[in-house]
Each structure stands twice: as structure tokens, then as C-alpha cells.
Amino acid sequence: MGKVAAIDGRVFTWKGRPMAEGWRTAFLAACRRAGLTDLHFHDLRHTFVTRKVREGWDYKRIMAITGHKTFAVFQRYNNPSEDDIRAVVLADPPRK
């Protein structure tokens, strides 16, 4: 398992220092190199929420990480796929 950076409120750093500028340019360059033409930075938030819900994390913890204050707003970021929904329907009920 790789290193986990300390949580200090900064997501993007360069050589250990917070990036106030330049992150957008770096993100767009990475998208170009990866051949992604319709990815927006904010899409990463949707992906994070959806994956954490899929992994079984409870919404209160996810909301604490993403900073969502209300469940209604949080729900906009959870985008389950047909496979996610099918898995819930076909799964055994949770044990009490």
C-alpha cells in the first residue's frame, strides 16, 4: 500500500507546497495526455461519491469528506449505474 498524505485541507500540492495556481493547467494537460475530451474537474467529485457509496461507506462519512451539508445535495453526486442497482436488487438482505 502506498503512502497516504496527511489531511491538511489541501488536495493539490507541488513539492510539498499548496498550489494556489497552476492546478487547472495541470489537470487540463493530464486530460489531454489521457485522451479525455469531456472531463471536467468537478466530475471527479461525482466519481468519488459514487465509488465510496458503491464500496459501502456510509453517507455521513462521505459527506464529511466532501463537505456536503445536506443529504439532498449529496444525493446529486451519487450516480449509481444499472449494475449498482441490479446488485442491490439481487443481493441477500443485510443481516441485522
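One can find the structure itself at the top, above this paragraph.
Procedures and definitions
Residues numbered from 1 in each chain as written. Predicted model: local features only at pLDDT ≥ 70, side-chain atom pairs only at ≥ 80, totals over all residues. Heavy atoms only, no water. Helix = DSSP H or I, 4+ residues; strand = E, 2+ residues; numbered from the N terminus. Buried < 20%, exposed > 50% of the residue type's maximum accessible area, 1.4 Å probe, protein only. Contact = heavy atoms within 4.5 Å. Areas by Shrake-Rupley, 256 points an atom, 1.4 Å probe, with all protein chains shown as cover. Core = buried A, V, L, I, M, F, W, Y, C linked by side-chain atoms within 4.5 Å. Phe/Tyr/Trp six-rings, centres within 6.5 Å; stacked < 30°, edge-to-face > 60°.

Honestly, the overall build of the protein in this entry has me stumped. Any pointers?
The helix and strand tally for the protein stands at five helices and two strands. Going residue by residue from the N terminus, the α and β elements of the protein occur as β-β-α-α-α-α-α. Per-residue burial over the protein gives 14% buried out of 96 residues. For the protein, long-range pairs separated by at least 24 residues make up 32% of all intrachain contacts whose partners lie at least 6 apart in sequence. Of the roughly 8,800 Å² of accessible surface on the protein, 57% is carried by carbon and sulfur atoms.

How should the side chain of T66 be read in this particular structure?
For T66, the position within the fold is in helix α3 (residues 59–66). Since its relative accessible area comes to 13%, T66 is described here as buried.

What is the right way to look at the nonpolar core in this model?
The nonpolar side chains of soluble globular proteins are, as a tendency, buried together. Counting residues in each nonpolar core, the largest one holds five residues, listed as V49, I62, M63, F74 and Y77. When residues of this core are traced back to their parent elements, those giving at least two are α3 and α4 (71–77). Discounting residues that sit within four places of it in the chain, F74 has contacts with V49, V53, Y59, I62, M63 and H68.

What's the story with the packing of aromatic side chains in this structure? I'm lost.
To describe a pair of aromatic rings, you give the distance between the ring centres and the angle between the ring planes. Taken as a whole and judged by the stated rule, the model has five aromatic pairs. Judged by centre distance (4.7 Å) and plane angle (50°), the ring pair of W23 and F41 falls under tilted. Here the residue W23 occupies a position in helix α1 (residues 23–34), and F41 occupies one in the loop between α1 and α2 (43–54), the gap between them amounting to 18 residues. Given the relative accessible area of 31%, W23 is considered partly exposed. Ring geometry for F27 versus F41: centroids 5.2 Å apart, planes at 90°, classification edge-to-face.

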